[in-house]
Amino acid sequence: MLVALARAARFVKSLLQSAVSRYQKLSLVGKALIWFILFFYLCLTTFIIVVTPARIAQFTYDAAQDIRHLPYGYTILIVVMIAVSFPPFIGHTTLLNLFGFTYGLQGFFPAAFGSLAGSAIVFVTLRIMFSKRLRSWTSTNEKWQALEAVIRSRGMPLIILIRISSFPPWAWSNSLFASIAPVSLFQFLVATLFILPKVIVYVFVGSRIARLSDGEQRNHMDTQTKIVNSLLVVGGVLISVLASSLVYHLMQKEIKRLHDSPSRGDELAAEALEAAEEAPLLGSDSLSRV
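Presented here is an overview of the structure given in this document. All of these numbers come straight from a predicted model, not from anything done at the bench. (Residues numbered from 1 in each chain as written. Predicted model: local features only at pLDDT ≥ 70, side-chain atom pairs only at ≥ 80, totals over all residues. Heavy atoms only, no water.)

**Quick notes on the overall build of the protein chain**
- Scanning the protein chain from terminus to terminus reveals 15 helices and zero strands.
- Counting across all 290 residues of the protein chain, residues that qualify as buried make up 38%.
- For the protein chain, contacts bridging at least 24 residues in sequence account for 74% of all contacts bridging at least 6.
- For the protein chain, the accessible area works out to roughly 16,700 Å², and carbon and sulfur atoms hold 70% of it. (Helix = DSSP H or I, 4+ residues; strand = E, 2+ residues; numbered from the N terminus. Buried < 20%, exposed > 50% of the residue type's maximum accessible area, 1.4 Å probe, protein only. Contact = heavy atoms within 4.5 Å. Areas by Shrake-Rupley, 256 points an atom, 1.4 Å probe, with all protein chains shown as cover.)

**Some thoughts on helix 10 (residues 170-179)**
- Of all 10 residues in helix 10, nine are buried, a share of seventy percent or more.
- W170, A171, S173, N174, S175, L176, F177, A178 and S179 are the residues of helix 10 that are buried.

**Section: the packing of helix 4 (residues 73-84) against helix 5 (residues 92-103)**
- Here helix 4 crosses helix 5 at 170°, and the two axes come no closer than 10 Å. By the angle between their axes, helix 4 is roughly antiparallel relative to helix 5. Here helix 4 contributes G73, Y74, L77, I78, V80, M81 and V84 to the contact with helix 5, which in turn contributes H92, L95, L96, L98, F99, T102 and Y103.
- The residue makeup of the contact of helix 4 with helix 5, split by class, is 11 nonpolar, three polar and no charged. (Axes fitted to C-alpha atoms, helices over the stretch in contact; angles between N-to-C directions. Parallel < 35°, antiparallel > 145°, perpendicular 65-115°, else oblique. Nonpolar A, V, L, I, M, F, W, Y, C, P; charged D, E, K, R; others polar.)

**With respect to the environment of Y23**
- Inspection of the secondary structure puts Y23 in helix 1 (residues 2-25).
- For Y23, a relative accessible area of 29% gives the class partly exposed.
- Discounting chain neighbours no more than four positions away, the residues touching Y23 are K31, I34 and W35.

**Concerning the packing of aromatic side chains**
- Evaluated as defined, the whole model comprises five aromatic pairs.
- Ring geometry for F123 against F188: centres 4.8 Å apart, planes inclined by 15°, an arrangement best described as stacked. Residue F123 is located in helix 6 (residues 108-129), and its partner F188 is located in helix 11 (residues 185-193); the two are separated by 65 residues in the primary sequence. Each member of the pair, F123 as well as F188, carries the same accessibility label: buried.
- Where F177 meets F188, the ring centres are 5.5 Å apart and the plane angle is 45°; that geometry is what we call tilted. Linking F177 in helix 10 with F188 in helix 11, this pair joins segments that are 11 residues apart in sequence.
- In this structure F177 comes out as buried when scored by relative accessible area, which is 0%. (Phe/Tyr/Trp six-rings, centres within 6.5 Å; stacked < 30°, edge-to-face > 60°.)

**Some words on a nonpolar patch on the surface**
- Nonpolar side chains collect at one region of the surface, where L33, F36, F40, Y41, L44, F47, I48 and I90 lie side by side and expose about 790 Å² of accessible area between them.
- Looking at the secondary structure, you find Y41 in helix 2 (residues 28-51).
- Y41 gets classed as partly exposed once you look at its relative accessible area, which sits at 44%. (Patch = residues over 30% accessible without salt bridge, like charges linked within 9 Å, V, L, I, M, F, W, Y side chains within 5 Å. Salt bridge = Lys/Arg side-chain N within 4 Å of Asp/Glu carboxyl O.)

**Observations regarding the nonpolar core**
- Within the largest apolar cluster, 18 residues are counted, with the highest numbers of intra-cluster contacts made by F123, I151, I159, I162, F177, I180 and V183.
- Sorting the residues of this core by element identifies helix 6, helix 8 (142-154), helix 9 (156-164), helix 10 and helix 11 as the ones contributing at least two each.
- With four residues, the top contributor of residues to this core is helix 9.
- If we skip the residues at most four places from it in the chain, F123 touches F177, A178, V183, S184, L185 and F188. (Core = buried A, V, L, I, M, F, W, Y, C linked by side-chain atoms within 4.5 Å.)

**Some thoughts on the packing of helix 9 against helix 10**
- Contact geometry of helix 9 with helix 10 gives a least axis separation of 10 Å together with a crossing angle of 150°. Between helix 9 and helix 10, the angle is such that the two are roughly antiparallel. Contacts between helix 9 and helix 10 involve I159, I162 and R163 on the former and, on the latter, W170, S173, N174, L176 and F177.
- Residues that form the contact of helix 9 with helix 10 fall into these classes: five nonpolar, two polar and one charged.

**What about helix 4?**
- Over its 12 residues, helix 4 extends 18 Å from the first C-alpha to the last, a length consistent with the 16 Å expected when each residue adds 1.5 Å.
- Listing the buried residues of helix 4 in full gives G73, L77, I78, M81 and V84. Angularly, the buried residues of helix 4 cover 140° about the axis, an arc narrow enough to put them on a single face.
- Buried residues along helix 4 sit against helix 3 (53-68), helix 5, helix 6 and helix 10. (Expected span 1.5 Å × (residues − 1). Arc of directions from axis to C-beta.)

**Observations concerning the environment of G236**
- Within the secondary structure layout, G236 lies in helix 14 (residues 223-260).
- When the C-alpha atoms of G236 and I200 are compared, they prove to be 9.8 Å apart, with 36 residues separating the residues in sequence.
- Residue contacts for G236: discarding those within four places in its chain leaves V201 and V205.

Here it is, written out as structure tokens:
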């Protein structure tokens, strides 16, 4: 037990150190964005406390039911899903919850379609719009050339591992793969299929939250049913967190293995993965250099 706690503590410490290191490498705009996000969530938390979670939950449930009863309500969520698949937008995970919140477990199918369609549209759009910039940048960047060479040699297993990793986030991951020339659209979509278990979990969590959000349904539940639904929500979140942590650990292990490799190319590829935010289609000046 103590050994497990010690390992968990070391893992959390490594995550914090990695986060601090990445924060320090950010530009002034990037740091300002991080603080803005923190301020936003602080305001959101204050709003929830003042208005009360029960009233907010009921309002959200009623709005979700209005969308559900629209003839093509799910298309609204799919369009929003496609929009947030483009950087710098965020909200993919929240939308997965919303699909479950609105349509129950049936929300998995439009959520999966929206995720696949959004990622494919981003991939193709960025490849077409920035193809010249991509070729120009990669021809002069030794690290990126090494990363592309490693991906060519390792193939789908490495592509899948990078895709299901929690870093970079959804929209930035779409852009990252559009930046890696050896990755074809077919390979990208196949790798994206491996995020569907995550989609199922978040849709399921959303469906459970919906049952607890509606006052009428909640009033007809006995204490045991409320506890079971609450535990299912917590369990779903824990499964997602543990799965993300495991994939992140595997990703860091792969980067360490590349660093330890005697090949100069592998070491450069590892450095490119660690500095993924420097990818040609992720930089803040991408649009200005078209």
